[in-house]
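Residue strings, one per chain:
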Amino acid sequence: MKVCIYARVGNNDQAALDAQVEMLKDYASAKGYAVTAIVSVLGTSGMQNGQSLKSIIEMADEGIFDTVLAVKPSHFSRDTVTYMDFAGKLKEQGKTICYALPNHETADSFAVFDLIHSLEQLTT
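Computed from a prediction, not measured in an experiment: that's the story for all the values here.

**Some details on the packing of aromatic side chains**
Scanning the model with the defined rule gives 4 aromatic pairs in all. A centroid spacing of 4.9 Å and a plane angle of 15° characterise the contact between Tyr-6 and Phe-76, whose relative ring orientation is stacked. One end of the pair, Tyr-6, is in strand E1 (residues 2–9); the other, Phe-76, is in the loop between strand E3 (67–70) and helix H3 (80–92), with 70 residues separating them in the sequence. Just as Tyr-6 is buried, Phe-76 falls in that class too.

**A few points about the pairing of strand E4 (residues 96–101)**
Here E3 runs beside E4; their pairing, made up of 4 bridges, is parallel. Note that in E4 the partner of Ala-70 across the bridge is Tyr-99.

**Points about the nonpolar core**
Judged by nonpolar contacts, the single largest core of 21 residues is most densely connected at Tyr-6, Ile-56, Phe-65, Phe-76, Phe-86 and Leu-90. When residues of this core are traced back to their parent elements, those giving at least two are E1, strand E2 (34–42), helix H2 (46–61), E3, H3 and E4. When residues no more than four places from it in sequence are discounted, the contact partners of Phe-65 are Lys-2, Val-3, Cys-4, Thr-36, Ile-56, Met-59, Ala-60, Leu-90 and Lys-95. Listed in part, the 14 residues of the second largest apolar core include Leu-17, Tyr-27, Cys-98 and Ala-100.

Calculation criteria
- Residues numbered from 1 in each chain as written.
- Predicted model: local features only at pLDDT ≥ 70, side-chain atom pairs only at ≥ 80, totals over all residues.
- Heavy atoms only, no water.
- Phe/Tyr/Trp six-rings, centres within 6.5 Å; stacked < 30°, edge-to-face > 60°.
- Helix = DSSP H or I, 4+ residues; strand = E, 2+ residues; numbered from the N terminus.
- Buried < 20%, exposed > 50% of the residue type's maximum accessible area, 1.4 Å probe, protein only.
- Pairing = 2+ DSSP bridges.
- Core = buried A, V, L, I, M, F, W, Y, C linked by side-chain atoms within 4.5 Å.
- Contact = heavy atoms within 4.5 Å.

Below, the structure is given as structure tokens:
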């Protein structure tokens with residue numbers, strides 16, 4: 001499976017962002033996934049994050065990956081509507097989102113996306 005790694009930290013800690021990317025690369029390697037793209041976002045800018053999500057959708061259009069690999073749903077957006085819109089666009093293209101969380105690898109339905117995202121907001 002071809003994956004696009006998506007890493008994001010909400011501050012300016014480049015070392016934390018680099019560590020997240022490396023963890024996701026290791027996860028992908030352990031699962032036998034081929035990393036075909038990496039998108040990383042440093043900082044809290046909603047505009048910057050919006051641009052990164054747009055670039056992922058564009059790469060999906062080009063067939064660069066089969067799934068997006070991230071640590072957790074809130075890395076895409078803490079706004080449920082934005083998150084669901086992004087996930088829906090990927091789903092329309094036959095793409096999925098995979099999370100590198102213990103006991104939870106793949107989510108491919110809106111109900112699961114919404115549940116995970118809602119639970120994530122309760123714990124942060």
